[in-house]
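# Topology and contacts: notes
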Amino acid sequence: MLFPQLIKANLKTRTFGRTIEYYQRLESTNLEAFELINEDESADGMVVITDMQYQGKGRRGQSWFASPGKAVTFSLILRLGITTEQSGLLSLASGTAVAEAVSQFGLFPTLKWPNDIHLSGKKFGGVLVETQVHDTVVEWAVIGIGINVNEQLEELPEELRATATTLLVEKRGPLQRELVIAWTLNALEPLVDELVNGNGSALRSAWLERCDHLNQPITFNQDSEAREGTFNGITENGAAVIEMAGKEVVFTGENISLIT
């Protein structure tokens, strides 16, 4: 069981996580967050947490496995005034924040564009950002974060064991999940502040420092077709810059999905 007061005791934020909605069981924290928004029961910086998310999802409708009582699954509700173009940076900010939090446990996470978090070349966490938009302005954003924390490798689905890991496996011991959440929120708030204030350069630099495929050959899916290129970096709005046949092409997360 997660203890919201223990999360709050370790916060250094102004608003992130100061209000927590805790549920023992939820279909999806993102779905619950939007229900709270639509019912006018949400607040900027509110966090929705569950100990058992049974229909979590990732990008492109993929499912996200979270072991009950051992993983971390939560959603952060933000009331923003950024443009839809800038919203691409929210995934990068969230992944960077998780990596910074986990590094405090003596681990060394890396990032895969746009929203995967790795240890030892295997995925242990991911981010799903969903928004409510009016014209070209993001009014509300919900950042869903899933982290495999205290699962043993054999507790993961068999089809994931070759490509996934957990913090327990990498640290060789259990971690306090409340600290993982609090430290992630502590790292995320200043990154979002920079984004809202129109200064995304520090965020981009922090993300690129942890990118595990910068200036490396990659394979990606575009319109269900596998293509190849070199990942040369990201734009000011977080889109991928990929060199193909000597020419740099810009792709957003809606256009492509990295394979390697």
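Fair warning: this is a prediction, and the values are worked out from it, not measured in the lab.

### Topic: helix α3 (residues 88–103)
- An ideal rise of 1.5 Å per residue puts 22 Å on 16 residues; α3 measures up with 24 Å between its terminal C-alpha atoms.
- Most of α3 sits out of view: 13 of its 16 residues are buried.

### Section: the sheet that holds strand β4 (residues 110–112)
- Taken together, 7 strands build an open sheet; the order of strands is β1-β2-β3-β7-β6-β5-β4 and the sheet is mixed. Pairing within the sheet leaves two strands with one partner each, and these edge strands are β1 (20–23) and β4. Within the sheet, the average angular offset between the axes of one strand and its neighbour, ignoring direction, is 20°.
- Where β1 lies against strand β2 (residues 47–50), 4 bridges are found, and the strand directions are parallel. Paired with isoleucine 20 across the bridge in β2 is valine 47.

### So, the packing of α3 against helix α6 (residues 201–210)
- Where α3 contacts α6, the two axes come as close as 9 Å, and the packing angle between them is 60°. In terms of axis orientation, α3 runs oblique to α6. The two elements α3 and α6 cross, and the hand of that crossing is left-handed. Packed against α3, whose contacting residues are Leu89, Leu92, Ala93, Thr96, Ala99, Glu100 and Ser103, the element α6 presents Leu203, Arg204, Ala206, Trp207 and Arg210 at the interface.

### Looking at the sheet that holds strand β8 (residues 217–222)
- The 5 strands lie next to each other as β11-β10-β9-β8-β12, forming an open sheet whose pairing is antiparallel. In the strand order of this sheet, the two ends are held by β11 (247–251) and β12 (256–258), each with one partner. Pairs of neighbouring strands in the sheet enclose a mean axial angle of 50°, with direction left out of account.
- Bridge count between strand β10 (residues 240–244) and β11: 5 bridges; the pairing is antiparallel. Its bridge partner being in β11, glutamate 243 is matched across the sheet by glutamate 248.

### A closer look at the pairing of strand β3 (residues 72–79)
- Burial analysis of β3 places 7 of its 8 residues in the buried class, the great majority of the element.
- Relative to β3, β2 runs antiparallel, the two sharing 4 bridges. Looking at the pairing, threonine 50 lines up with threonine 73 of β3.
- Relative to strand β7 (residues 137–147), β3 runs antiparallel, the two being bridged by 8 bridges. Pairing of valine 72 across the sheet is with isoleucine 147, part of β7.

### Let's talk about the side chain of threonine 13
- By the element assignment, threonine 13 lies in the loop between α1 (4–9) and β1.
- Take threonine 13: its relative accessible area is 6%, and that puts it in the buried class.
- From its side chain, threonine 13 meets the backbone oxygen of phenylalanine 16 in a polar contact 2.6 Å long.
- Non-local contacts of threonine 13, meaning those with residues more than four positions away in its chain, are made with Arg18, Leu185, Asn186 and Glu189.

### Things to note about the nonpolar core
- Grouped together as the largest cluster of nonpolar side chains are 62 residues, with contacts concentrated most on Trp113, Ile147, Leu167, Phe231 and Ile242.
- At 11 residues, the largest contribution of residues to this core is made by helix α5 (residues 177–196).
- Not counting residues up to four positions away in its chain, the partners in contact with leucine 167 are Val102, Leu107, Leu119, Phe124, Ile147, Asn148, Val149, Arg172, Gly173, Leu175 and Val180.
- Core analysis: the second largest hydrophobic core is formed by 10 residues, Ile37, Val48, Ile77 and Val142 among them.

### Quick look at a negative patch on the surface
- Judged by side-chain charge, Glu27, Glu35, Glu39, Asp40 and Glu41 come together as a negatively charged surface patch.
- Mapped onto the fold, glutamate 39 is located in the loop between α2 (29–38) and β2.

### A short note on the packing of aromatic side chains
- Under the counting rule described, the total for this entry stands at 4 aromatic pairs.
- Taking 6.5 Å as the distance between ring centres and 50° as the angle between the ring planes, the aromatic pair formed by tryptophan 113 and phenylalanine 231 counts as tilted. Here phenylalanine 231 lies in strand β9 (residues 225–234) and tryptophan 113 lies in the loop between β4 and β5 (116–119), a separation of 118 residues in the sequence. Each member of the pair, tryptophan 113 as well as phenylalanine 231, is classed as buried.
- By way of ring pairs, the aromatic residues Trp113, Trp207 and Phe231 are connected into one cluster.
- The cationic tip of arginine 25 hangs over the ring face of tyrosine 54; the distance from NZ or CZ to the ring centre is 4.2 Å.

Cut-offs and rules
- Sequence order as written defines residue numbering, which begins from 1 separately in each chain.
- For a predicted model such as this one, the threshold for reporting local features is a pLDDT of at least 70, and the threshold for listing and counting side-chain atom pairs is 80 or more; totals across whole chains, interfaces and linings nevertheless cover every residue.
- Side-chain measures were taken over the full set of non-hydrogen atoms in the model, leaving aside hydrogen atoms and water.
- Helix and strand definitions here come from DSSP, where helices need a minimum of 4 consecutive H or I residues and strands a minimum of 2 consecutive E residues; each element is numbered from the N-terminal end.
- Given a helix with a known number of residues, its expected span is that number minus one, times 1.5 Å.
- For each residue, the accessible area found with a 1.4 Å probe, counting protein chains only, is set against the maximum for its type, and the residue is called buried under 20%, exposed over 50%, and partly exposed in between.
- The rule for pairing is simple: two strands pair if DSSP sees at least two bridges between them.
- Here an axis means a line fitted to C-alpha atoms, over the contact stretch when the element is a helix, while the angle between two N-to-C directions is reported on a 0 to 180 degree scale.
- Roughly parallel means an angle under 35 degrees; roughly antiparallel means over 145; roughly perpendicular covers 65 to 115; every other angle is labelled oblique.
- Take the far helix as your reference; a near helix turned counterclockwise from it by less than a right angle gives a left-handed crossing, and one turned clockwise gives a right-handed crossing.
- What makes two residues a contact is simply this: any of their non-hydrogen atoms within 4.5 Å.
- We call two N or O atoms a polar contact when they sit within 3.5 Å, provided that within protein one can donate a hydrogen and the other can accept it, with sequence-adjacent residues counted only if both atoms are side-chain atoms.
- In this description, a nonpolar core means a group of buried Ala, Val, Leu, Ile, Met, Phe, Trp, Tyr and Cys residues linked to one another through side-chain atoms lying within 4.5 Å.
- Grouping into patches uses exposed residues only, defined as over 30% relative accessible area, and leaves out salt-bridged ones; the cut-off is 9 Å for like charges and 5 Å for nonpolar side chains (Val, Leu, Ile, Met, Phe, Trp, Tyr).
- All accessible-area figures derive from a Shrake-Rupley calculation using a 1.4 Å probe, and residue coverage is judged against the displayed protein chains alone.
- Basic side-chain nitrogens of Lys or Arg form a salt bridge, by our definition, when they fall within 4 Å of a carboxyl oxygen of Asp or Glu.
- Residues scored as charged are limited to Lys and Arg (positive) and Asp and Glu (negative), so that His and the chain ends carry no count.
- Lys charges are placed at NZ, Arg charges at CZ, Asp charges at CG and Glu charges at CD.
- What counts as a ring pair is set by centres within 6.5 Å for rings of Phe, Tyr and Trp (its six-membered ring), and what kind of pair is set by the plane angle: stacked under 30 degrees, edge-to-face over 60, tilted for all other angles.
- Distance and angle both matter: a charge sits over a ring if NZ of Lys or CZ of Arg is within 6 Å of the ring centre and within 35 degrees of the ring normal.

Spatial relationships are all this shows, so hold off on functional conclusions.
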